[in-house]
Amino acid sequence: TMKRKALTLITLLLTPYIQSNIDITTLSDWDINDFDEHTLLVAKSSDTSTAWKSILAFSVSRPNCVSTQPIIMVRSKSSTNYSNGDIVLAEMKVDKNKPALLKLEQEFGFEDDGEYVHWFKLLKFPSFESSNRVEIKFKSQTPLKSFAVNTTGIRKASYVAEQVCNSPVTIQQTVSRLEKI
């Protein structure tokens, strides 16, 4: 009817944006969020009280929709310690296995709440795809705090993200409704 069309048009004009965002928390406390229009970021925060803002994460990106590109985010007091592209060596312990070499590259960093957040890409690391616990240990001379993450449910979180990625749903979109009219 004409009344319904007018109401729809008024609603479209009064609501300037449609947002399609993905924000899922699994039962094992993994967060699955849109990172950009092609990528989901699957992340879990540290359960270490002194480094609770540290994160272990990985990406699931279109078109392949496979869990890849593991990263960590860790904080320090100063930005002067590392530059983008710097390589940092640490250790990664998966479950009860012995610690293995962890080679990191800083992709970027930013200030947040009086601290500096370092975003590191994992270049060399042991498999943690079916782990229950991951520990990241930095040498004492680095300004970075060691931390641990309870990774229980990582396979399910990976599976869910891959399913969402393979679905027709838009991963991230902010479109003016006026453009659609």
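This text follows the structure it describes.
These figures come from a predicted structure and were not determined experimentally.

S.K.: Would you mind going over the layout of surface pockets in detail, with residue names and values included?
M.R.: Taken as a whole, the largest pocket encloses approximately 310 Å³ of empty space. Surrounding the largest pocket, 14 residues form its lining, Ser 67, Phe 128, Glu 129, Ile 154 and Ser 158 being those nearest its centre. Only strand S6 (67–76) and helix H2 (154–166) provide two or more residues apiece to the lining of the largest pocket. Approximately 160 Å³ is the volume found for the second largest pocket. Lining the second largest pocket, in full, are Thr 50, Ala 51, Trp 52, Lys 53, Ser 54, Arg 75, Ser 76, Lys 77, Glu 115, Pro 143 and Lys 145. Its residues assigned to classes, the lining of the second largest pocket comprises three nonpolar, three polar and five charged.

S.K.: How would you explain a nonpolar patch on the surface if you had to name every residue and give the values?
M.R.: A grouping of Ile 87, Leu 89, Leu 101 and Leu 123 is seen on the molecular surface, where their side chains present a nonpolar patch of about 340 Å² in accessible area. Among the structural elements, Leu 89 can be located in strand S7 (residues 87–94).

S.K.: I'd like a rundown of the state of the cysteines, residues and numbers included.
M.R.: Applying the stated criterion across every chain, the model contains one disulfide. Here Cys 65 connects covalently by a disulfide to Cys 165, the sulfurs 2.1 Å from one another. The S-S bond linking Cys 65 to Cys 165 shows a torsion near -70°; that makes this disulfide left-handed. With Cys 65 in the loop between strand S5 (55–61) and S6 and Cys 165 in helix H2, the pair connects residues that are 100 residues apart, well separated along the chain. This pair shows no difference in class: Cys 65 is buried, exactly as Cys 165 is.

S.K.: Before we move on, could you go through unusual backbone geometry and cite the residues and values that matter?
M.R.: The step from Arg 62 to Pro 63 runs through a cis peptide bond, and the omega angle for that step is 15°. Residue placement: Pro 63 occurs in the loop between S5 and S6. Unlike most non-glycine residues, Asp 29 shows phi in positive territory, near 70°. For Asp 29, the location among the structural elements is in the loop between strand S2 (23–25) and strand S3 (31–36). Its relative accessible area of 47% is what places Asp 29 among the partly exposed residues. At Asp 95, a position not held by glycine, the phi torsion is positive, near 50°. Inspection of the secondary structure assignment puts Asp 95 in the loop between S7 and strand S8 (100–112). Residue Asp 95 is classed as partly exposed on the basis of its relative accessible area, which comes to 28%.

About the criteria used
- Residues numbered from 1 in each chain as written.
- Predicted model: local features only at pLDDT ≥ 70, side-chain atom pairs only at ≥ 80, totals over all residues.
- Heavy atoms only, no water.
- 1 Å grid on protein atoms, 1.4 Å probe; cavity = no way out; pocket = protein on both sides within 12 Å on 5 of 7 lines; lining within 4 Å.
- Points joined across faces, edges and corners; volume = space filled by probe spheres on them.
- Helix = DSSP H or I, 4+ residues; strand = E, 2+ residues; numbered from the N terminus.
- Nonpolar A, V, L, I, M, F, W, Y, C, P; charged D, E, K, R; others polar.
- Patch = residues over 30% accessible without salt bridge, like charges linked within 9 Å, V, L, I, M, F, W, Y side chains within 5 Å.
- Areas by Shrake-Rupley, 256 points an atom, 1.4 Å probe, with all protein chains shown as cover.
- Salt bridge = Lys/Arg side-chain N within 4 Å of Asp/Glu carboxyl O.
- Disulfide = S-S within 2.5 Å.
- Buried < 20%, exposed > 50% of the residue type's maximum accessible area, 1.4 Å probe, protein only.

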